[in-house]
Amino acid sequence: MVARGKFIAFEGGEGAGKSTQARLLAEALRARGQGVVVTREPGGTPGAEAIRALLLAPPGEGWGAQAEALLFAAARADHVARLIRPALARGEWVVCDRFVDSSRAYQGGAGGLGDEAVVALHQFGSGGLRPDRVVLLEADEAVLAERLALRDGDASDAIGGRGLDYHRAVAARFRAMAEADAQGFASVNAGGSPQEVHQRVMAALAPLLESDTP
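Below, the structure is looked at part by part. (Residues numbered from 1 in each chain as written. Predicted model: local features only at pLDDT ≥ 70, side-chain atom pairs only at ≥ 80, totals over all residues. Heavy atoms only, no water.)

Here we take up the side chain of Asp97. Tracing the chain through its elements places Asp97 in strand β3 (residues 93–97). As a buried residue without a salt bridge, Asp97 has its nearest oppositely charged side chain in Arg98, at a separation of 4.8 Å. If we skip the residues at most four places from it in the chain, Asp97 touches Phe10, Lys18, Ser19, Thr39, Arg40 and Glu41. (Helix = DSSP H or I, 4+ residues; strand = E, 2+ residues; numbered from the N terminus. Buried < 20%, exposed > 50% of the residue type's maximum accessible area, 1.4 Å probe, protein only. Lys, Arg positive; Asp, Glu negative; His and termini not counted. Salt bridge = Lys/Arg side-chain N within 4 Å of Asp/Glu carboxyl O. Contact = heavy atoms within 4.5 Å.)

Next comes the structure, spelled out in structure tokens:
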């Protein structure tokens with residue numbers, strides 16, 4: 001019987017370096033002989049990528065908080081059923097750029113819907129699946145702003161382009177979740193070079209890595 005793979009989600013605000021760190025972790029895992037699937041949310045499957053386009057470049061006046069949360073949950077349900085659970089069952093590690101805790105921070109926290117509603121949607125749509133470890137990347141506002149300016153210029157998507165107060169509320173909610181679940185979250189300083197951050201990520205994940213040597 002194949003041992004279930006591990007599921008790692010990278011979380012954090014805009015510009016924290018989640019996609020870069022997901023790629024570096026995947027490279028390190030593959031160098032150890034581990035099968036890895038790298039994915040993202042919203043997205044990861046054709047259906048979820050179609051919903052991603054609706055969320056990040058919304059038609060008309062855009063989505064209200066409830067509709068936005070429902071769209072994220074629908075994309076996640078397809079992603080979990082068609083990609084994440086099958087990969088874990090094959091014994092592969094899944095490394096995901098954002099997962100349900102982003103919905104909890106953005107729509108539940110900054111969007112005002114509350115944690116209970118978002119968690120209930122996740123339970124219904126995705127069976128309440130949780131990562132084995134959430135890596136929360138945190139850095140000073142000035143560092144994140146500089147990275148965003150280099151990455152996006154003046155072209156932010158519908159969610160990334162929201163005001164500073166919104167993104168501060170997101171950061172505060174992420175921090176509160178990490179403090180409330182020290183076993184499930186690993187908070188990592190995202191300042192410095194990508195390689196410096198990667199070394200911190202590897203140190204934070206050491207217990208999982210040591211228990212899953214192929």
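Moving on, there is more to tell.
A few words on the sheet that holds β3. Strand order in the open sheet formed by 5 strands is β2-β3-β1-β4-β5, with parallel pairing between adjacent strands. Of all strands in the sheet, those bounded by a partner on one side alone are β2 (36–40) and β5 (185–189). The mean angle between the axes of side-by-side strands here comes to 20 degrees, regardless of whether they run parallel or antiparallel. With 5 bridges joining them, β2 and β3 adopt parallel strand pairing. Following the sheet pairing, Val37 is matched in β3 by Val94. Running over the sheet, helix α7 (residues 164–180) touches β1 (7–11), β4 (133–138) and β5 and is turned about 140 degrees from β4. (Pairing = 2+ DSSP bridges. Axes fitted to C-alpha atoms, helices over the stretch in contact; angles between N-to-C directions.)

Bringing the pattern of salt bridges into the picture now. In the structure shown here, the tally under the stated rule is 12 salt bridges. Salt-bridge contacts for Glu92 lead to Arg90; the nearest nitrogen and oxygen are separated by 2.6 Å. Salt bridges here are not isolated pairs; linked through shared partners, they connect Asp101, Arg104, Asp115, Arg130 and Arg173.

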